[in-house]
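Fold and geometry: a report
Next come the chains, spelled out residue by residue.
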Amino acid sequence: MTEIRTPRLLLRRWQEDDLVPMSEINADPEVMRWIADGSTRDLEQTADSIERWEEEWDDEGFGLFAVELLGSGELIGFTGLSVPHFLPEVLPAVEIGWRLGRPFWGRGYASEAAHAALEFALQDRGLDRVVSICRPGNEASQNVMRKLGMTLRRETVHPAYAHALRVYEIDLTEYVG
């Protein structure tokens, strides 16, 4: 089982008990406003997502980690790696992403978790390049990308939803750890 510990967080594979807290995160319109078309997701959609995330672990050797607080064991969201099939123009690529529940915003958890996931991508999985994709205006995510050492490499349009996207990138030669 793949697990990564940071000073405050445990990044791990998904468990059955994660479904309800992750569905509560996905049901928050403020959390979802920058994701895809901005729609919230219900329990069944969240279950489908977790199943896909676990399949990606099996198929690719990487995926999205469930993120829990070390002190309490509480699930606060996810971070990790996925193939951004929704944006064919950047392929082949691996994307780093994150989604945390609103009570956990502004505490540095996203940066802490994403930094650990980036190290996992570059050092453990041997990837030489990682991208991150967000919508203009999503300042919190862009701040995390900059903290990771990523730079804006391209602006484009989401093929399904027609809204603007920004693609940030980092490669192993730029990574300082």
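Residues numbered from 1 in each chain as written. Predicted model: local features only at pLDDT ≥ 70, side-chain atom pairs only at ≥ 80, totals over all residues. Heavy atoms only, no water.

1. Points about the overall build of the chain
Secondary structure summary: the chain contains five helices and eight strands in total. In the chain, the order of α-helices and β-strands from amino to carboxyl end is β-β-α-α-α-β-β-β-α-β-α-β-β. Against the 2.2 N^0.38 benchmark of 16 Å for 177 residues, the chain shows a C-alpha radius of gyration of 15 Å, consistent with a compact globule. If one aligns the C-alpha atoms of the chain with their principal axes, the spans along those axes are about 35 × 35 × 35 Å. The buried share among the 177 residues of the chain stands at 50%. Pairs at least 24 residues apart make up 60% of the contacts formed inside the chain by residues separated by at least 6 positions. Within the structure as shown, the chain displays about 8,700 Å² of accessible surface, and the carbon and sulfur contribution to it stands at 48%. If you average the places of the 18 positive and of the 31 negative side-chain charges in the chain, the two averages end up 7 Å apart. (Helix = DSSP H or I, 4+ residues; strand = E, 2+ residues; numbered from the N terminus. Rg over C-alpha atoms; globule rule 2.2 N^0.38 Å. Buried < 20%, exposed > 50% of the residue type's maximum accessible area, 1.4 Å probe, protein only. Contact = heavy atoms within 4.5 Å. Areas by Shrake-Rupley, 256 points an atom, 1.4 Å probe, with all protein chains shown as cover. Lys, Arg positive; Asp, Glu negative; His and termini not counted. Charge placed at Lys NZ, Arg CZ, Asp CG, Glu CD.)

2. Re the pairing of strand β7 (residues 151-157)
Alignment of β7 against strand β8 (residues 164-171), held across six bridges, turns out to be antiparallel. Bridging from a neighbouring strand, Val157 pairs with Ala164 of β8. Between β7 and β8, which pair antiparallel in sequence order, lie six residues; one of them, Ala162, sits at a positive phi of approximately 65°. (Pairing = 2+ DSSP bridges.)

3. What about unusual backbone geometry?
Among all residues save glycine, negative phi is the norm, and among peptide bonds the norm is trans. Cis peptide bonds are those with omega within 30 degrees of zero, and the linkage from Leu91 to Pro92 qualifies with -5°. Non-glycine residue Ala36 carries a positive phi angle of around 50°. The class for Ala36 is partly exposed, based on a relative accessible area of 22%. The phi dihedral of Ala162 is positive, around 65°, even though this residue is not glycine. Given a relative accessible area of 60%, Ala162 falls into the exposed group.

4. Here we look at the packing of aromatic side chains
The full count for this structure, using the stated rule, is six aromatic pairs. Ring centres of Trp57 and Phe65 lie 5.0 Å apart, and the angle between their planes is 75°; on these two criteria the pair is classed as edge-to-face. Of the two residues, Trp57 and Phe65, both sit in the buried class. Between Phe104 and Tyr109, the aromatic rings sit 6.5 Å apart at their centres with planes inclined by 55°, giving tilted as the arrangement. A residue is classified by how much of its surface remains accessible, and Phe104, at 10% relative accessible area, is buried. Taken together, the ring pairs in this structure connect Trp14, Trp53 and Phe78 into an aromatic cluster. (Phe/Tyr/Trp six-rings, centres within 6.5 Å; stacked < 30°, edge-to-face > 60°.)

5. What about a negative patch on the surface?
The grouping of Asp42, Glu44, Asp48, Glu51, Glu55, Asp59 and Glu60 at the surface amounts to a negative patch. Counting through the fold element by element, Glu44 comes out in helix α3 (residues 43-60). (Patch = residues over 30% accessible without salt bridge, like charges linked within 9 Å, V, L, I, M, F, W, Y side chains within 5 Å. Salt bridge = Lys/Arg side-chain N within 4 Å of Asp/Glu carboxyl O.)

6. Focus on the side chain of Arg99
Locating Arg99 in the fold gives a position in strand β5 (residues 95-100). No salt bridge is formed by the buried Arg99; the nearest opposite charge belongs to Glu95, separated by 9.2 Å. Within the structure, Arg99 has its side chain in polar contact with the side chain of Asn26 (distance 2.7 Å). Residue contacts for Arg99: discarding those within four places in its chain leaves Met22, Ile25, Asn26, Val31, Met32, Ile35, Arg41, Ile76, Gly77 and Phe78. (Polar contact = N/O pair within 3.5 Å; in protein donor to acceptor, adjacent residues only side chain to side chain.)

7. Quick notes on helix α4 (residues 109-124)
The terminal C-alpha atoms of α4 lie 21 Å apart, and with 16 residues this matches the ideal 22 Å at 1.5 Å per residue to within 8%. For α4, a buried count of twelve out of 16 residues is recorded, marking the element as mostly surrounded by other parts of the structure. For α4, every residue scored as buried is listed here: Tyr109, Ala110, Ser111, Glu112, Ala113, Ala114, Ala116, Ala117, Leu118, Phe120, Ala121 and Leu122. Backbone geometry just downstream of α4 places Gly126 in the positive-phi region, at approximately 70°. (Expected span 1.5 Å × (residues − 1).)

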